[in-house]
Amino acid sequence: MTREQERARARRRAEKLDAKIAAREREAARNRQVAWVVAAVLVVVAAFVLLAGKLSGDKPTTPAAAPSSSSSAPSASATTAAVPGCTPPPKAPTSIKKEKLPDKKTAAGKTYTAVVTTNCGTITFQLDGSKAPQTVASFVSLAKDGYFADSPCHRVTTSGIYVLQCGDPLGGTGSGPGYSFGLENTPKDGKYPKGTLAMARTNDPNSNADQFFIVYKDTDLSSVPAGYSVFGTVTSGMDIVEKIAAAGAAGGTGDGAPNAPISILKVAVTEKKA
């Protein structure tokens, strides 16, 4: 073999080697590109799942005011609405005192007046122990024990359903007073007129506990067959609830933390004598 032939063979070997190296580099580049695409897809999917989770959360499927024992607490408003007559709310409690369910006989056949002092003024309830003895007994017991002191009303709904929800000292994140009970005095037609005072609950009809809602505008909840326990009415101070509702809910969603913070400072309950 001549030197020229040897050099030609060497060139061919070098060209084949270069071609193999180039092929490996192209394959590695494709693999890197595929890996980046897969990673990007996974990021997008993860972001979508996270967003969907935030939107759906554990929110109850019931359309009315449901306790937060099965839902996340509403986020605070980015801006606080200035409402005449309101002072800055107190710092909310960081723990809940556990209670025992009182005997419904303690309220059966009785009528009570509950004077609810808030940072926006006084709201007065009349409680009907004849129609909802267990619910009234529970509310009266919690009020007398100071359970509601400094508790924020954590939810207002302003579209289709018109309620202000209160009663949880932890502002919607609490697990209740340590007991629960069933339904009483639920409207058969599902209608809750303005001024109605009713218990909030989860999808479980036996989950009544501490949270309650004030209806500030006629509301139809007939889509919830079991309904909600009505245990009283608002006799004065509805204007306070209405101005809180008029300030709207956080995020403009129509259902969330009040833009105008309102907290229960104390509740004084007295029995009305015949």
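Our structure's up above, just so we're on the same page.
Residues numbered from 1 in each chain as written. Predicted model: local features only at pLDDT ≥ 70, side-chain atom pairs only at ≥ 80, totals over all residues. Heavy atoms only, no water.

(A) Examining the overall build of the protein chain more closely. Helix and strand content of the protein chain: three helices and 12 strands. Taking the contacts inside the protein chain whose residues are at least 6 apart along the sequence as the reference set, 76% of them involve residues at least 24 apart. (Helix = DSSP H or I, 4+ residues; strand = E, 2+ residues; numbered from the N terminus. Contact = heavy atoms within 4.5 Å.)

(B) Region of interest: the pairing of strand β8 (residues 212–215). Neither face of β8 is exposed, since Phe-212 and Ile-214 on one face and Phe-213 and Val-215 on the opposite face are all buried. Where strand β5 (residues 161–166) and β8 come together, four bridges link them in antiparallel fashion. Residue pairing for β8: Val-163 is matched across the bridge by Val-215. Here strand β7 (residues 196–199) pairs with β8 via three bridges, running antiparallel. Among the inter-strand pairings, Ala-198 is bridged to a residue of β8, identified as Phe-213. (Buried < 20%, exposed > 50% of the residue type's maximum accessible area, 1.4 Å probe, protein only. Pairing = 2+ DSSP bridges.)

(C) Structural context of the pattern of salt bridges. Inspection of the entire model under this criterion finds three salt bridges. Ionic pairing is found between Arg-155 and Asp-255, a salt bridge with its closest N-O pair at 2.8 Å. One end of the pair, Arg-155, is in strand β4 (residues 155–159); the other, Asp-255, is in strand β11 (residues 255–256), and 100 residues separate them in sequence. A residue is classified by how much of its surface remains accessible, and Arg-155, at 9% relative accessible area, is buried. By relative accessible area, which is 27% here, Asp-255 ends up partly exposed. (Salt bridge = Lys/Arg side-chain N within 4 Å of Asp/Glu carboxyl O.)

(D) Examining the nonpolar core more closely. Among the nonpolar cores identified, the biggest contains 44 residues, and Phe-125, Leu-127, Phe-139, Phe-148, Phe-212, Phe-231 and Val-267 are the most heavily contacted of them. The dominant element in this core, judged by the number of residues it contributes, is helix α2 (residues 133–144), at six residues. Residues Ile-161, Phe-213, Val-215 and Leu-221 belong to the second largest nonpolar core, which totals 11 residues. (Core = buried A, V, L, I, M, F, W, Y, C linked by side-chain atoms within 4.5 Å.)

On their own, these measurements won't tell you what the molecule is for.
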